[in-house]
Amino acid sequence: MVLFVTGLCHRRCWYCPLSPERSGQDLAYANDRPVNQPEEILLEARMMGALGTSITGGEPFLVPGRVAAFCTILKEAFGKEHHIHLYTGMAPTREMLTPLVGLVDEIRFHPPQDAWPEILGSPYARSLETARSLGFAAGIEVPSLKGLPALAGILPLVEFLNINELEWGGINADEMRSRGYIPEDSVHNAVRGSRRWARDLPHRDKVHWCSSRFKDAVQLRERLKRIATRTARPFDEVTGDGTILYGVLEPDGQLAPDHLGLREGSYEECDGRIELSWRALQKRAKRLAGKKYIVERYPNRGVVVEVTPL
Ligand code: SF4
C-alpha cells in the first residue's frame, strides 16, 4: 500500500512529480483514497491484502505524529512482518528517528541533487549512519539525474541505492525542457539518457535500477490487480491491466431488473442505472431501450478509463 501522509514539503525540487491537488496540501491518501482516520488506512490495507506499506509525501517528517500513529495501527493490525519503508528528503536527527524505531523498518533518503558532489560530508551521510545504528535498514533513493556518479562515494555506507528512471510529466515538462531533457520517444515517458548516468556506478550489488516501464508495467499493474480481484463485484471482469469492466444500462423509463432475466447478485441498481456484466448487456443490447455502454475503470470505483457505447 502506498500511504501518502502529507503534501507539505520544505523542498522545491524542479522534478517534483506531485500534482497540484496534492502538492502543498496537508492531506493523506491510502493508495488513491483520501484518509482522515487511522482506521480508514486499515480498511484500504485489508481491501488490497497489503503485505507492506510505503510512506511517502511530501515530507513525512513534517508530520511525525501522524506517521507514528499510522505505522502503529498498521503494525498492531498486521504484525511486525508488515514491512514499512519511509521516504524522506530531510536528514533526520537521532531525536527525529528514535520514535520510529520498531514502527518503520527501512528509511529511503532522498538527498537533493546539489548535495550529491559533497555527499560524504553532508548531513545526509550522518543521518544515514545514525539510522543504521538505530537498527533501520537505510539507503538512498533518487531519480536518475545528471551528476548521479557523484553518489559513488556514499555506496560503502548504504544498504542500497535505488535509482528511478527520470520520467517526463506534464507537471514538470517546462523545467525538463529548460534543462535540455527530452522524452525517450513518443510512446514512453522516460527521459532520454537517464539510464546512462546510472551505468558507471560501482558496487553493482547495491545499485537497483527501476525503469519507468517496470514501474508502469509491473508495479502499478500488480497493485491494481490485487485491489481489483478483492473488490470486484460478481459481474465485474478484471482485466490483465488490473482495471475492471462492466456494463451500464440507463433504461428509458422504468425497468425492473428481473425483466432482464438476471439472477440476484448478477447486477446492481445505482441511481436509476443498472450495472451488470458487460457480456450480459451486450447480448441483450438490441432489445433494450435506453443508453447502454461498457465502462472500464480503475478498481474500487476508481478513475474511469474508457466508456464504450453499445
Ligand atoms: S522532496 Fe519529494 S515531495 Fe519534496 S519537493 Fe522534492 S520531490 Fe517533491
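Residues numbered from 1 in each chain as written. Predicted model: local features only at pLDDT ≥ 70, side-chain atom pairs only at ≥ 80, totals over all residues.

1. What about the overall build of the chain?
If you tally the helices and strands in the chain, you get eight helices and 15 strands. The 310 residues of the chain split such that 27% are buried. For the chain, restricting intrachain contacts to residue pairs at least 6 apart in sequence, the fraction spanning at least 24 positions comes to 62%. (Helix = DSSP H or I, 4+ residues; strand = E, 2+ residues; numbered from the N terminus. Buried ≥ 20, exposed ≤ 12 C-beta atoms within 10 Å, placed from the backbone. Contact = placed C-beta atoms within 7 Å.)

2. Considering the pairing of strand β4 (residues 52–56)
Covered by surrounding structure in β4 are T53 and I55 only, the residues G52, S54 and T56 on the alternate face being uncovered. Sheet topology places strand β1 (residues 2–4) next to β4; three bridges connect them, and they run parallel. Within β4, the position partnered with V2 by the bridge is S54. As defined by bridge partners, β4 adjoins strand β5 (residues 83–88) across four bridges and the pair is classed as parallel. Each bridged residue has a counterpart across the sheet, and for I55 the counterpart in β5 is L86. (Pairing = 2+ DSSP bridges.)

3. Observations concerning the sheet that holds strand β2 (residues 28–30)
With mixed pairing, the nine strands of this open sheet are ordered in space as β3-β2-β1-β4-β5-β6-β7-β8-β9. Each end of this open sheet is capped by a strand with a single partner; those strands are β3 (33–35) and β9 (207–210). Within this sheet the neighbouring strands show an average axis-to-axis angle of 25 degrees, counted without direction. When β5 meets strand β6 (residues 106–109), the two strands line up parallel, connected through four bridges. Looking at the pairing, Y87 lines up with R108 of β6. Contacts from helix α4 (residues 123–133) reach β6 and β7 (137–143), with the element oriented near 175 degrees to β6. (Axes fitted to C-alpha atoms, helices over the stretch in contact; angles between N-to-C directions.)

4. Regarding the environment of L103
The residue L103 is located in the loop between α3 (94–97) and β6 in this model. Once the C-alpha coordinates of L103 and I73 are considered, the two residues, 30 residues apart in sequence, prove to be 9.5 Å apart.

5. Description of the site of the ligand
Residues in contact with the ligand, as listed here, are C9, R11, R12, C13, C16, L18, G57, G58, E59, G89 and H110. Residue composition of the shell around the ligand, grouped by class: four nonpolar, four polar and three charged. (Near = placed C-beta within 6 Å. Nonpolar A, V, L, I, M, F, W, Y, C, P; charged D, E, K, R; others polar.)

6. Quick word on the environment of Q282
Relative to the assigned elements, Q282 resides in helix α8 (residues 278–284). For Q282, a count of 13 C-beta atoms within 10 Å translates into the label partly exposed. For the pair formed by Q282 and G247, sequence separation is 35 residues and the distance between their alpha carbons is 7.9 Å. Contact partners of Q282, with chain neighbours within four places excluded, come to G247 and L310.

7. Observations regarding unusual backbone geometry
Residue G58 is reached from G57 by a cis peptide bond, and omega for that bond is 25 degrees. Note that G58 resides in the loop between β4 and α2 (64–78). Here the phi dihedral of N300 falls at roughly 60 degrees; this positive angle occurs in a residue that is not glycine. Structurally, N300 can be placed in the loop between β14 (290–297) and β15 (304–309).

8. Considering α4
Taken as a whole, α4 has its buried residues at Y124, A125, S127, L128, T130 and A131. Looking at the buried residues of α4, the elements they touch are α3, β6 and β7. G135 sits one or two positions beyond α4 and adopts a positive phi of about 100 degrees.

9. Considerations on α2
With 15 residues, α2 extends 21 Å between its outermost C-alpha atoms, agreeing within 8% with the 21 Å of an ideal straight helix rising 1.5 Å per residue. All buried positions along α2 are accounted for by V67, F70, C71 and L74. Projection of α2 onto a plane perpendicular to its axis shows the buried side chains occupying an angular sector of 95 degrees, all on one side. In this structure, α2 carries G65 and E76 as exposed residues pointing more than 90 degrees from its buried face. Buried positions along α2 lie against β1, α1 (38–48), β4 and β5. G79 occupies a position one or two residues after α2 and carries a positive phi of about 90 degrees. (Expected span 1.5 Å × (residues − 1). Arc of directions from axis to C-beta.)

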